Each structure stands twice: as structure tokens, then as C-alpha cells.
Amino acid sequence: TYLKMHKTNSIRYRMPAEWEPHKATWLTWPHNPTDWPGKMSSVQRTYAELTQKLSAVEEVCILVNSERHEMRARKYLKQARADLANIHFHHIPTNRSWIRDYGPVFVDDNRAKKELKRIMRFRFNGWARYPAHQKDDSVPLELAHQLNLKMISAKWKKVPLVLEGGSIDVNGLGTLITTEECLLDQHKQPRNPGITKSELEKLFMKYLGITNVIWLNKGIDGDDTHGHVDDICRFVDKRTIVLAIETNSSDTNALVLAENKERLKQVKLENGSKPTVVMLPMPRPVYFKKWRLPASYANFYIANRIVLVPIFNDPADRKALGVLADLFPTREVVGIHAVDLLIGLGGLHCITLQEPV
């Protein structure tokens, strides 16, 4: 969809792209045992490894529920030799650790006299699936107070607008990618019941400065968010998109990802040019007991001088790391073993949140 009928000077807010300079990365230290049954200490070690890598290149801010929770995090971080001088703890209670989806969206305000940064608050309804989400939903509000940043509440028809960070990806110049399955489904996991595609596009323009929306169809199997785009398709720079592709035709993801590839052949960027699309392999299916997990290399996280990529003890790990290393020549591309993390049905991108400079 290409919104030609806008006046650029009427666009107030801009959501920076993930590769733009960060002030910090935000995490929520794991604490909910139902997310990772029997794997909590392993997942905390994964968090510590991730934090150690991040704290070498930027500030890391970690939400914890209590003093005891912070002490446990510090123990793991010391073992991982993370740079504790670059790590800051914020005591804000949460239900779960998927901060990408409920944390604040930091935006630039074009009309600001001096302090440009604002917190855009979208509401979080537990992916329209899990009832315990009230603490997570209030995180942007708490952070606006603690960081002393002005907060804007996004609304649709005077009702709070529900949107998760993992359901969108932006190039910082006005183009956003998302899926119809996640944002438009009115039956299975509705975020904003009754909302239309064109209403959403107008709201993206109003609150995120988006003039151009690329709609893919569906997400991958095993994803309990019902179609988050950060498992399938991501911007790696202003003009280049990576797309997860399944070459095993008998896999349930093969058709879905092939259809998204067809859609990308038709799309344009905000300036009317065609994006460059690069294929990213999929790992073999990963299971926990009888459940398929949403394993995908597309769930990487771009930090100041590094890119952290989930790996799965899979033959395709090396190929995926190679594809991304070619696309990020100025950053170190680092694989983080993420099979245990995946048991919670999320990856590295889902547990991280960038705060731009």
C-alpha cells in the first residue's frame, strides 16, 4: 500500500530503524517459570551471554521485579563477565520477559524544540491470548516516569490502540512491514476488533511517521503470536529486506513463506523504488515434546556494532550467519545458541528492545 496523499510536513513522529545508533538495549530478566519449564537456569545463562555481548557495545537496561530478582541477575552476569558498569537495573514488575512486544516504542518528535525523544505507548493485551498481562501493559507508563520522557498514548476511535513491537519492522524512512494474519484477523487473536487495513495505515502514519505499508500474509508455524513479522521478514538497511524461505516443500512453512516472497515482488518502498530482497534459510523444525517451536534466523537483533543471531545446532546455522555477515559488513555477526530460549516461543529479537540515541 502506498499512501501518496500525504503532506510530509504533517508527519510529526518518526520511528527510527533498529540499525540507527542506540542509547541502550532494554531487557526484562527472566522470572516466569511457565515460559521455560525446567530450563530457567539455562535461559538465564543465555540472557547473561547476550547481555555480556551487548554491554561491550552499548548500555543495557534490565527490568527486574525485586531486589532478589536483581541479585540473581547480577550473579549470572558476573559469571558471564558482562560489563556491569554498563548495565543498569530498573525495578518495574512484569508478567513475562518479552519486552519487544510490551515495551515502549521510542520515537522522534519533529516538532520538539529540544528533547526529541518521546515514548509512544501502544497497549498490550497478551497477544489476545494470555490473560496475565496487566503488569507488562503498564511498562511504557512506568518507563516514561523513570526516564522523564513525554508519553503519547496511541488511540483508535478514542480506544487505546493495541500493537506489539514484534508485529512490525521499519526502515526509518517511512516504510513498515507487517502481516495481515497478526493485525487484521478478527477471530483468532484480535488486537483491535473491527479495525480496517486503511484505518491501521492512517494510525501508523499518525503515530510512527509511516507513509508506506508492506502487507505480508502469514507468519510461521509454532508462533503463538499469530503471525509476528520479526520471525519471517526484516529490514537490514533502508532498501534491503531479508526474507525467511523454506526449501523443503513438505514443510508447513514452505507455502506461507513462498507466498510472502511473491508479495515482495510486487511491493515498493516509500520513494517508489523496489526493495532488494535477500533470502534467509530456515532451520529444520525444532520441537519441544510434541509442539513445534517458531525457530527462525530472522529473529536477530541489531545493536551498535554487533548483530546477534539465534542459532539452533543446525546445518543451516553457518549459512544464515554468512548471509547476515554479508549484509552487515560494519558489524560483527554473532550466533547465540537459542534452542532453550525458543521453548518460551520467542527468540533474541523478542527479548530485546532498542532505545535510539
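One structure accompanies this document, and this report is about it. Since the structure is predicted, the reported quantities are computational estimates derived from the model, not experimental observations.

## Things to note about the sheet that holds strand S14 (residues 240–245)
Reading across the sheet, the 3 strands line up as S13-S14-S15 and stay open at both edges, with mixed pairing between neighbours. Pairing within the sheet leaves two strands with one partner each, and these edge strands are strand S13 (233–235) and strand S15 (276–281). Across the sheet, the mean angle from the axis of one strand to that of its neighbour is 25°, orientation sign disregarded. Two elements, S13 and S14, share 3 bridges in a ladder whose sense is antiparallel. Along S14, the bridge assignment pairs Arg 234 with Val 242.

## Quick word on the sheet that holds strand S11 (residues 175–179)
What holds strands together in a sheet is hydrogen bonding between their backbones, with the strands either parallel or antiparallel. If you walk across this open sheet you meet the 3 strands as S10-S11-S12, and the pairing is mixed. Looking along the sheet, the strands with just one partner apiece sit at the ends: strand S10 (169–170) and strand S12 (212–216). For S10 and S11, the ladder comprises 2 bridges, and the chain directions are antiparallel. Of the residues in S11, the one forming a bridge with Val 170 is Leu 176. Relative to S12, helix H7 (residues 197–208) is tilted by about 135°, and along the sheet it contacts S11 and S12.

## As for the packing of helix H1 (residues 40–55) against helix H2 (residues 67–79)
Packed helix pairs are specified by the crossing angle of their axes together with the interaxial distance, meaning the distance between the axes. Closest axis-to-axis distance for the H1/H2 pair is 9 Å, and the angle between their directions is 65°. Relative to H2, the crossing made by H1 is right-handed. Facing H1, whose interface residues are Ser 41, Gln 44, Arg 45, Ala 48 and Thr 51, H2 presents Arg 72, Tyr 76 and Leu 77. Looking at side-chain class alone, the contact of H1 with H2 contains 3 nonpolar, 3 polar and 2 charged residues.

Each value, and the rule that gives it
Sequence positions are assigned chain by chain, starting from 1 and proceeding in written order. With pLDDT at 70 or above as the cut-off, local features in this predicted model cover only qualifying residues; side-chain atom pairs require 80 or more to be listed or tallied, and sums for whole chains, interfaces and linings still use all residues. Note that water and hydrogens are dropped before the side-chain values are worked out from all heavy atoms of the structure. In this analysis, strands are considered paired if DSSP registers two or more bridges between them. Helix numbering and strand numbering both begin at the N terminus, where a helix is a DSSP run of H or I of at least 4 residues and a strand a DSSP run of E of at least 2. Think of each axis as a best-fit line through the C-alpha atoms, taken over the contacting stretch in the case of a helix, with angles from 0 to 180 degrees between the N-to-C directions. Throughout, a residue-residue contact means that at least one pair of heavy atoms, one from each residue, lies within 4.5 Å. Crossing handedness is defined as follows: a turn of the near helix away from the far one that is anticlockwise and smaller than a right angle gives a left-handed crossing, while the clockwise case is right-handed. Each residue receives one of three labels: charged for Asp, Glu, Lys and Arg, nonpolar for Ala, Val, Leu, Ile, Met, Phe, Trp, Tyr, Cys and Pro, and polar for the others, Gly being one of them.

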